[in-house]
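The primary structure of each chain is shown beneath.
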Amino acid sequence: MEYASFSPLDSLPGGRSAPGISHLIAKIEDYLPPEQVERVLEAFELANSSHRGQKRLTGEPYITHPLAVAGILANLHLDGQTICAALLHDVIEDTPTVKDEILERFGRDVAELVDGVSKLDKIKFNSRKEAQAESFRKMLLAMVRDLRVIMVKLADRTHNMRTLGAMPSAKRRRIALETLDIYAPIANRLGIHSIKLELEDLGFRALYPQRYQVLERELKAARGNQKEFLPKITANITAALARTTLSANVESREKHLFSVYQKMRRKKVSLGDVIDVHGIRIVVNTVDECYRVLGVIHGIYKPMPGRFKDYIAIPRVNGYQSLHTTLFGPNGIPLEVQIRTHEMHTLAEHGIAAHWQYKTGETVDPSQHDRAREWLAGLVQMQESGNPEEFLESVKVDLFPDKVYVFTPKGDILRLPRGATCVDFAYAVHTDVGNRCVASKVDRRLAPLRTALRNGQTVEIITAKGATPNPAWSGFVVTAKARVSIRGYLKTMKRDEAVDLGRRLTDQALTDFKLSLKEIGSARLKTVSKELGFRQADDLFEKIGLGERLPQLVARHLLPKDDQPGPDDDARTITPFVIAGTEGLLVSYAKCCLPIPYEPIVAFLSSGRGVVIHRARCGNLAGWHKQPDKWLPVTWKKDAYGLFTSEIRVEVQNRPGVLATVAASVADTHINIGQVSVIERDSESSTITLEVQVTDRTQLAKVIRAIRRMPELLSIERTMA
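Cut-offs used in this document
Residues numbered from 1 in each chain as written. Predicted model: local features only at pLDDT ≥ 70, side-chain atom pairs only at ≥ 80, totals over all residues. Heavy atoms only, no water. Axes fitted to C-alpha atoms, helices over the stretch in contact; angles between N-to-C directions. Helix = DSSP H or I, 4+ residues; strand = E, 2+ residues; numbered from the N terminus. Parallel < 35°, antiparallel > 145°, perpendicular 65-115°, else oblique. Left-handed = near helix turned anticlockwise from the far one by under 90°. Contact = heavy atoms within 4.5 Å. Nonpolar A, V, L, I, M, F, W, Y, C, P; charged D, E, K, R; others polar. Expected span 1.5 Å × (residues − 1). Bend = angle between axes of the 7 residues up to and from the residue. Buried < 20%, exposed > 50% of the residue type's maximum accessible area, 1.4 Å probe, protein only. Pairing = 2+ DSSP bridges.

## A look at the packing of helix α4 (residues 80–88) against helix α7 (residues 108–117)
In the contact formed by α4 and α7, the axes pass within 9 Å of each other and the chain directions differ by 45°. In terms of orientation, α4 lies oblique with respect to α7. The handedness of the crossing between α4 and α7 comes out as right-handed. Here α4 contributes Q81, T82, C84, A85 and L88 to the contact with α7, which in turn contributes D109, V110, L113 and V114. Looking at the contact of α4 with α7 residue by residue, the classes come out as six nonpolar, two polar and one charged.

## Things to note about helix α10 (residues 169–189)
End to end, α10 covers 29 Å across 21 residues, agreeing with the expected 30 Å (1.5 Å per residue, within 8%). Helix geometry: α10 is bent most strongly at T179, by close to 40°. Among the residues of α10, those classed as buried are I175, A176, E178, T179, L180, I182, Y183, A184, P185, I186, A187 and R189. Directly beyond the C-terminal end of α10, a positive phi value near 75° is found at G191.

## What about the sheet that holds strand β5 (residues 309–310)?
An order of β3-β4-β7-β6-β5 is seen for the five strands of this open sheet, with the pairing classed as mixed. Lying at the two open borders of the sheet, with one neighbouring strand each, are β3 (249–254) and β5. One ladder, built from six bridges, connects strand β6 (residues 323–328) with strand β7 (residues 334–341); its direction is antiparallel. Paired with T325 across the strands is V337, a residue of β7. The strands touched by helix α13 (residues 229–242) within the sheet are β3, β4 (278–284) and β7, with β4 carrying the most contacts at an inclination of about 25°.

Now the structure itself:
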C-alpha cells in the first residue's frame, strides 16, 4: 500500500486490540452465516498480527485501513470470501506473509483475490507511468478470473481517498487525478453508484480544492433557498399517488458536487444555469408502476420538452435502469424526477456487487454480471495488442459513458460512445466484420465509413472477402476495440509485405529529388540504416511500411551529403536536437512566426528547406492543409536549450527618451536585444519592434511584463504572420 509505513512498535498502545472489528462483525452478522463470520474473524487475526507495528501516514495503526476497506464492502453486503480478502489485501505486499499461507488457511479464492489486488513491487520498470500501467493491466486481468478483485480495489481506493490529506500535495493531486481518470469510471462502468459518487467527490476536492469550496458554498446557499420548495413538491407527489392504488417511496435528492462541476464545464454554463441540481426519486414495485407513476406526475407538473429518457426500455451500458423526466416545478423551477423499481434501485446503487449479495428468498438478475464479463472479455482482447501504457490509454477511452444508441438491421441495440463512426459500429458487431468492412449504410443510405453516428440510426455494414483494415481508420475511430483491432492488424502484417510497401514508399519519396533507390545504391542504404539504428535496410523499410517512419524524412536522409538541402532566406536554422522526431535531419524555424520552446508547434516538409517549424497558430499555414503528406508530428524536447529569437511590437506615446526606457526595461530582465526598429505612426505615438533573444516562453513573458509596467505604453503584442 502507498500509505504504509513501519513503526518500531510491535503492538498497539496499551495492549488494546485494534479498533473497528466489533463494528465490522455487527455489519456482517446481519447477512452472513455464522461459519463465514468465523472465517472473517480468523482473517482479521492474521491481518492484525501481520501488520503489528505498522502505522499509516495519518499516525493510525495500519490495521485500521484493511478494517475500513472491509467495512465498505460489508455495507454493500459482499460475501465472506471478499471480506476476508479485504482484511488481507495488503499482507502479501507489506508484510512477510506469503500467498501460500493465505492459500492454505483460507482457500484458493481468497488467495487469488488478495494476489489480484497486490501491486507489482518486485518487477522493475523503466518509468513510473509504465509501472502504473502494468499494475492496472494485471488488476484488470485478475478481474476476468474473479470480478470481486475490483470490488476490493475500489473499496481500497475509497478509504485511501478519505485519508488523502496526510499525503504531500503533489502526490495528493496525482492520486486524485488517477482516481477520477480510472477508478471512478470503473465504478460507474460496473454500476456501483455509491462508490462512484464518493470517489468523484473526494477526487474533485483533492484535485481542485478551491473550486470545490466555492461550489460547495454556492450549493449550500441554493439548498437554503429550496428548504420549502422540495418538501412541498414531495408532499404534492405523495398525495397524488395516495389517491391511486400505487405504492411508492418518494424522496428528494441533490446532485453531487462533481456531477454539477462536470455539467458546468461540459455545457460552459454557470451554476445558476444547471437545471437539475435538485430532484426527486420515486421507487415502486414493478416496471408497469414506473410508467403509471410517470403519468401521475406529468398530470401534476408539466414536463419539459426533450428532457425525457427511458433507461428502462434501453438500459445504460452498465445496466442502469430508470425513467428520467424534467418538470417545470413551482415558479417554473426545473426539477428532475427519477422513477425506478426497488430492484433497479439496488442495482443502481450497488451494481455488480449485487451479484454476491446474500438475500434470503430473493434472486438477483444475472444480466449485470453478464454485461461486466462481456466488457472484461473485450479488455482481454485489448491487452493482447500493444504495451501496458497503450492498453491503459485504450481502457481510459472505453470507460467514458456511452451516449449513442444505434440499431442493427435486425433491430438489436448497440451502445457506442459519442462520436462513434460506422467503423466503430462494425467492430462492435464483431472484429471480423470490422476487419472486412468496405462500405456502410445509415438509415438505408450509403454513407462514408467515417460518418459519426447519432441516436436512433440503423446501421448496416457491407463487407468483402479479402478486405483488410485501412490504416487511415485509426485517425477517426473512437472506441478502444476498433483502435486496438486496427493497430493489431498493422502490427501483425507479414514482414515481406511491410518491407515491400516501405521500399515502394521510399522510392516514391525520392522522386521529389529526381532520384531512386537504385541510384542511391546498397552501400548508402546500409550506412543510413545503421545511422538510424537498424541492422539492415529491410528493417528500416519494415518500419516505413508499418507507418512507424515517414518515407519523406528517410528519403532526405538518404540523399548524398553534397545534395542535402540548406535553409533559404525565409527560415532560420536551429540545432536539430531541439525538436523531437527530427534527429539527424535539417531543421529550421520560420521567420514569419519565430517559434520558441515550449509553445505548440507544427512541422512542414518543404522542398529545399528541410523540416520547417511553425507556431501552431501561424497565419501562413492556412492553405497547407491540402498537402497532408507534408505535415509531421513534432514536439519540443524536454531538454531543449539555446537562444531563440522572438519579435515584440510595442506601441508607445511619443516622449523624449521613450526608446531608451523600453531598452532599459528589457535590460533589467537580463535578456539581450538583437534588433530594434522605430516607426512613427503619428505625432502622438510610435511603434517599436524588438527582436529579443530568449530561451523559452517563460523568459518572453518576463520581458513583456517588464515593458507593460511603462507608463508610456499603449499596447504590446508578439508578432505573428
